[in-house]
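Below, each chain spelled out in residue letters.
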Amino acid sequence: IIYLAVTLTAFMLGTQALRVLRLSPDDAAERGLAALVLGHVLLGLGILGLGLPGYLRWWALAHLLLLCALAGLRSLDDCLAAAARLVASAGRALTRSPYRIAYIALAMVIVLQLLAALAPAAPSDWDATSEHLAQAKQYARDGRIRPLWYDHHSQFPATLQMFYALAHVFGVPGAAKLFHWGFGLMALGAVALAGRRLLAPAAGAYGALVLATTPVFSRLMGVGYVDLPPIACGILAVHFFARWLRDDQVQCLWLAALMAGAGAGFKMQNLALLGVLIAGVVIARRCLLYTSPSPRDRTRS
């Protein structure tokens, strides 16, 4: 219940933020995935803002969730409609799609890893039990977010750890791993979206299946790490960048930058992708400059 409530709040907040920024894509799937990423980032920053001065308490977090839900309340109908469309699309994919075998296998991986995410953290999940979940548990115990000098990982970007801390503060640490599983689901959705929109429906179906059945990825969906949000954000960033190259819509370029920056906020390694995208923009603009017709040629035409 905590996970679903927080995710819906992030969805509404992100949808409203995209509207305010005038970056809301016309495509419903693109808008939904971008809103989920942006909403989680904004909500994570809100939790950080409460935790730094020492207000990492259940009542303060409850007020924060309520305020964020009210801020995005205008988007509630759109969010519920998007969820209904997603369920309907999933039903059609599993029953009537020519690629339903791939979608059925994909659904099996998702359900199995959901069960793994709901299970208690195992001692073999070293990074989860010794770093990410332990860091969040210490924040919850202290009631504040402070430097943990004995753990250098706590000095890295920690957007997802804010949600792990929220789960611990509310007394439901079992919900923590669901946030990581949810970003795995978003990564699979991003692959399916990019393959379908940029290539062909088959590319979306089989591309998502390839990612889901990659052993490292499928295992990560069931543990409390921080690796899946950068994957989801990175795929969305590349997708919007490709859309910009194809359609020359500056909105897509801003969305690509936003997704890449969000990924770096979850894990520092995504800064490399941001550099690659900047280089891609420079190269694309220079190629356009050299291949565009001169004013004299345009006049003759």
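Before reading on, note that the structure itself is shown above.
Below or above, wherever it landed, is the structure these notes cover.

Reading the values: the criteria
- Residues numbered from 1 in each chain as written.
- Predicted model: local features only at pLDDT ≥ 70, side-chain atom pairs only at ≥ 80, totals over all residues.
- Heavy atoms only, no water.
- Helix = DSSP H or I, 4+ residues; strand = E, 2+ residues; numbered from the N terminus.
- Rg over C-alpha atoms; globule rule 2.2 N^0.38 Å.
- Buried < 20%, exposed > 50% of the residue type's maximum accessible area, 1.4 Å probe, protein only.
- Contact = heavy atoms within 4.5 Å.
- Areas by Shrake-Rupley, 256 points an atom, 1.4 Å probe, with all protein chains shown as cover.
- Lys, Arg positive; Asp, Glu negative; His and termini not counted.
- Charge placed at Lys NZ, Arg CZ, Asp CG, Glu CD.
- Patch = residues over 30% accessible without salt bridge, like charges linked within 9 Å, V, L, I, M, F, W, Y side chains within 5 Å.
- Salt bridge = Lys/Arg side-chain N within 4 Å of Asp/Glu carboxyl O.
- Polar contact = N/O pair within 3.5 Å; in protein donor to acceptor, adjacent residues only side chain to side chain.
- Phe/Tyr/Trp six-rings, centres within 6.5 Å; stacked < 30°, edge-to-face > 60°.
- Axes fitted to C-alpha atoms, helices over the stretch in contact; angles between N-to-C directions.
- Parallel < 35°, antiparallel > 145°, perpendicular 65-115°, else oblique.
- Left-handed = near helix turned anticlockwise from the far one by under 90°.
- Nonpolar A, V, L, I, M, F, W, Y, C, P; charged D, E, K, R; others polar.

### Remarks on the overall build of the chain
- Each helix and strand counted, the chain has 14 helices and zero strands in total.
- In the chain, the succession of α and β elements from N to C terminus is α-α-α-α-α-α-α-α-α-α-α-α-α-α.
- By the compact-globule yardstick of 19 Å for 301 residues, the chain fits well, its C-alpha radius of gyration being 20 Å.
- Along the first, second and third principal axes, the C-alpha set of the chain runs to 75 × 45 × 40 Å.
- Counting every position in the chain, which comprises 301 residues, the buried fraction comes to 46%.
- Considering only contacts in the chain between residues 6 or more positions apart, those separated by 24 or more positions represent 72%.
- For the chain, the exposed surface amounts to about 15200 Å²; the carbon and sulfur share of it is 68%.
- Positive and negative side-chain charges in the chain, numbering 25 and 14 respectively, have mean positions lying 4 Å apart.

### Focus on a nonpolar patch on the surface
- Judged by side-chain polarity, Leu42, Leu45, Leu48 and Leu52 come together as a nonpolar surface patch covering roughly 330 Å² of accessible area.
- By the secondary structure assignment, leucine 45 is in helix 2 (residues 28–51).
- Assessed through its relative accessible area of 52%, leucine 45 is described here as exposed.

### Thoughts on the side chain of histidine 180
- As for its position among the elements, histidine 180 is in helix 8 (residues 176–198).
- Side-chain polar atoms of histidine 180 contact the backbone oxygen of leucine 220, separated by 2.8 Å.
- A polar side-chain atom of histidine 180 sits 2.9 Å from the main-chain carbonyl oxygen of valine 223.
- Setting aside residues up to four positions removed in sequence, histidine 180 forms contacts with Leu160, Tyr164, Leu220, Val223, Tyr225, Val226, Asp227, Leu228 and Pro229.

### Here we look at the packing of aromatic side chains
- Taken as a whole, this structure holds six aromatic pairs when the rule is applied.
- Ring plane angle 80° and centroid distance 6.4 Å describe the contact between tyrosine 55 and tryptophan 59, whose orientation is recorded as edge-to-face.
- Summarising the aromatic geometry, the rings of phenylalanine 163 and phenylalanine 179 are spaced 5.3 Å apart at their centres and angled 35° between planes, so their arrangement reads as tilted. One end of the pair, phenylalanine 163, is in helix 7 (residues 159–169); the other, phenylalanine 179, is in helix 8, and 16 residues separate them in sequence. Comparing phenylalanine 163 with phenylalanine 179, the two get one shared label, buried.
- Here a set of aromatic residues connected by ring pairs shows up, and it is made of Tyr3, Phe163 and Phe179.

### Some remarks on helix 7
- Summarising burial for helix 7: 11 of the 11 residues are buried, a large majority.
- Along helix 7, the residues that are buried comprise Thr159, Leu160, Gln161, Met162, Phe163, Tyr164, Ala165, Leu166, Ala167, His168 and Val169.
- Looking one or two places after helix 7, you find glycine 171, whose phi comes out positive at around 75°.

### Digging into the pattern of salt bridges
- Tallied over the full model, the rule gives eight salt bridges.
- Notably, a salt bridge pairs aspartate 142 with arginine 146, separated by 2.6 Å at the nearest N-O pair.
- Among the ionic pairs, aspartate 247 bridges to arginine 243, the shortest N-O distance being 2.9 Å. Remark: arginine 243 and aspartate 247 occur in helix 11 (residues 228–247); sequence separation between them is four residues, near one turn of the helix.
- Owing to a relative accessible area of 30%, aspartate 247 belongs among the partly exposed residues under this scheme.
- Beyond isolated ion pairs, a larger network of salt bridges with shared partners links Glu30, Arg243, Arg246 and Asp247.

### Brief notes about the packing of helix 2 against helix 12 (residues 250–266)
- It is at 10 Å that the axes of helix 2 and helix 12 come closest, and there the two elements cross at 45°. With respect to each other, helix 2 and helix 12 are oriented oblique. Remark: the crossing between helix 2 and helix 12 carries left-handed chirality. On helix 12, the residues touching Ala34, Val37, Leu38 and Val41 of helix 2 are Leu258, Met259, Ala262 and Phe266.
- Among the residues making up the contact of helix 2 with helix 12, the classes are represented as eight nonpolar, no polar and no charged.

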